[in-house]
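Observations on chain architecture
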Amino acid sequence: MDATASGEAMIRLQGLGKTYADGTVAVQELDLDVGRGEMVCLVGPSGCGKSTTLKMINRLIEPTTGRIILDGTDVTEADPVQLRRGIGYVIQQVGLFPHQKIVNNVMTVPLLYGESRSTARSRALELLETVGLDPGQYAERYPHQLSGGQRQRVGVARALAANPPVLLMDEPFGAVDPVVRSRLQDEFLRLQRELGKTVVLVTHDIDEAVRMGDRVAVFAAGGRLAQYATPMELLSRPADDFVADFVGSTRGLRRLAVTPLRAEHLEPLDGVAASQLGAAIELESSLEEALAALLRDDRPMVGVRSGAQFVGVLTPNGIHRALRESLR
């Protein structure tokens, strides 16, 4: 097993498997570590066991074999209700209570934990703001008065209400249109940078997996783990033909999204007029963001800054050089 991002596993699955009474194997014996503060995406074709794996972690589905270890404690035999109260859970359908106001939906778990109504309400209002919903505008509304993307944000706020160390997300952005989906992904990545939760996210979308995940677990039919790797490693070195086919022939383009811009890819600023630069991008932006800036401004180069200081300019040749290096 690869070392986890922090060197310490927050979630450890050991020989975890699920076989149904009719003999159907949903998940083969699975060994998987998720590091503390790491986001891991489970991806694969329909029926490959990724959602079953997620639901076994919080014991919505009971495993047939194996152990689930959370933060060093074996919870395989723990009380499942108590277990779930300490794990945030976000699903595609959101599952908000339709006859409760948004603020009351978010207050649900803290109240179950015995928090006072005033403390729970204060926490809920704070979380609505955290997920980008103005409490003054949305707290007293009902779920049917919100868009799909707004309801999904409320679902994330509710999952975070008890401040769980672990967050499980099952196709959380799958029910919204592509533009809203991209915004929700950006918002959640921002949240993750701030909060540092340990996240396991199920998706059928390889683009979402490589964009969101610190590591990606690719499942094959029959619940077999085909590869567990960083997005860059997955795109550069698929473990077998199944993974290569699943990732697709455009994985070279997907690599743009996971390859950061480095100082050695830049040209010096010497003799470059400000009018030639257009909008500047940050060093460490992805190559995809850099290419988008070049195309958007229709200029031969884009300025690159680190903080408030310009450190160079990026040209199409620089992008080509960076991508070629990543392919090696």
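Below: a short report on this structure. (Residues numbered from 1 in each chain as written. Predicted model: local features only at pLDDT ≥ 70, side-chain atom pairs only at ≥ 80, totals over all residues. Heavy atoms only, no water.)

1. Some thoughts on the environment of proline 238
As a reminder, the rule being used: Labels follow the DSSP assignment, with helices taken as runs of H or I lasting at least four residues and strands as runs of E lasting at least two, numbered in each case from the N terminus.
Tracing the backbone shows proline 238 in the loop between helix H9 (231-236) and helix H10 (241-247). Considered as a pair, proline 238 and glycine 37 are 201 residues apart in the sequence and their alpha carbons are 25 Å apart.

2. Section: the packing of aromatic side chains
Condition: The criterion for an aromatic pair is that two Phe, Tyr or Trp rings (for Trp, the six-membered ring) have centres within 6.5 Å, with stacked assigned to planes under 30 degrees apart, edge-to-face to planes over 60 apart and tilted to the rest. Here, a charge over a ring means that NZ of Lys or CZ of Arg falls within 6 Å of the ring centre while also lying within 35 degrees of the ring normal.
Throughout the structure, instances matching the rule amount to 2 aromatic pairs. The aromatic ring of phenylalanine 97 is capped on one face by arginine 158, whose charged end is 5.5 Å from the ring centroid.

3. Details of the environment of cysteine 48
Filter applied, for reference: Throughout, exposure labels follow a simple rule: accessible area from a 1.4 Å probe, protein chains only, divided by the maximum for the residue type, with under 20% read as buried, over 50% as exposed, and the rest as partly exposed. Throughout, a contact is declared for two residues whenever any of their heavy atoms are within 4.5 Å.
As for its position among the elements, cysteine 48 is in the loop between strand E3 (39-43) and helix H1 (50-57). You can call cysteine 48 buried: its relative accessible area is 1%. In the structure, cysteine 48 is positioned 175 residues away from glycine 223 in sequence and 4.8 Å away in space, judged by C-alpha atoms. Not counting chain neighbours up to four residues away, the residues in contact with cysteine 48 comprise Ala26, Phe219, Ala220, Ala221 and Gly223.

4. A closer look at the pattern of salt bridges
A side chain of one charge can pair with a side chain of the opposite charge when the charged atoms of the two come close. In plain terms, the rule: Between Lys or Arg on one side and Asp or Glu on the other, a salt bridge is scored when a side-chain nitrogen of the former is within 4 Å of a carboxyl oxygen of the latter.
A full pass over the atoms with the stated rule returns 16 salt bridges. The salt bridge partner of lysine 101 is glutamate 140, with a shortest N-O separation of 3.1 Å. With lysine 101 in the loop between strand E6 (87-91) and helix H3 (102-112) and glutamate 140 in the loop between helix H5 (135-138) and helix H6 (148-160), this pair connects stretches of sequence that are 39 residues apart. Relative accessible area serves as the criterion here: at 27%, lysine 101 is assigned to the partly exposed category. In this structure, a network of salt bridges that share partners links the residues Arg153, Glu187, Arg190 and Glu194.

5. Notes on the layout of surface pockets
Operational definition: Cavity and pocket criteria rest on a 1 Å grid covering protein atoms alone: a 1.4 Å probe that fits but cannot get out defines a cavity, protein on both sides within 12 Å along at least 5 of 7 lines defines an open pocket, and an atom within 4 Å of a point defines a lining residue. Grid points are joined across faces, edges and corners, and a volume is the space filled by probe spheres set on the points.
Taken as a whole, the second largest pocket spans an internal volume of roughly 500 Å³. The wall of the second largest pocket is formed by 21 residues, among which Arg84, Ile87, Tyr89, Val109 and Arg158 lie closest to the centre. Those elements that provide at least two residues to the lining of the second largest pocket are helix H2 (80-85), E6, H3 and H6.

6. Examining helix H4 (residues 117-130)
We apply this condition: One less than the residue count of a helix, multiplied by 1.5 Å, gives the span that helix is expected to have. What the arc measures is the spread of directions leading from the helix axis to the C-beta atoms.
The end-to-end C-alpha distance of H4 is 20 Å, a good match for the 20 Å that 14 residues give at a rise of 1.5 Å each. Those residues of H4 lying buried are Ala120, Ala124, Leu127 and Leu128. The arc that holds the buried residues of H4, viewed along the axis, is 105°, so those residues lie on one side. Turned more than 90 degrees away from the buried face of H4, the exposed residues are Ser118 and Glu129. In the core, the buried residues of H4 are packed alongside H3, H5 and H6. Just downstream of H4 lies glycine 132, where phi reads positive at about 90°.

7. With respect to the environment of alanine 293
Among the secondary structure elements, alanine 293 is positioned in helix H12 (residues 287-297). When the C-alpha atoms of alanine 293 and isoleucine 281 are compared, they prove to be 7.6 Å apart, with 12 residues separating the residues in sequence. Residue contacts for alanine 293: discarding those within four places in its chain leaves Ile281 and Val302.

8. Points about empty space enclosed by the protein
On inspection of all chains with the given rule, the structure shows 1 cavity of 30 Å³ or more. Looking at the largest cavity, its volume works out to about 70 Å³. Contributing to the lining of the largest cavity are Val131, Gln152, Arg153, Val156, Phe173, Leu184, Glu187, Phe188 and Leu191. Broken down by element, the residue count for the lining of the largest cavity peaks at 4 residues, all from helix H7 (residues 178-195).

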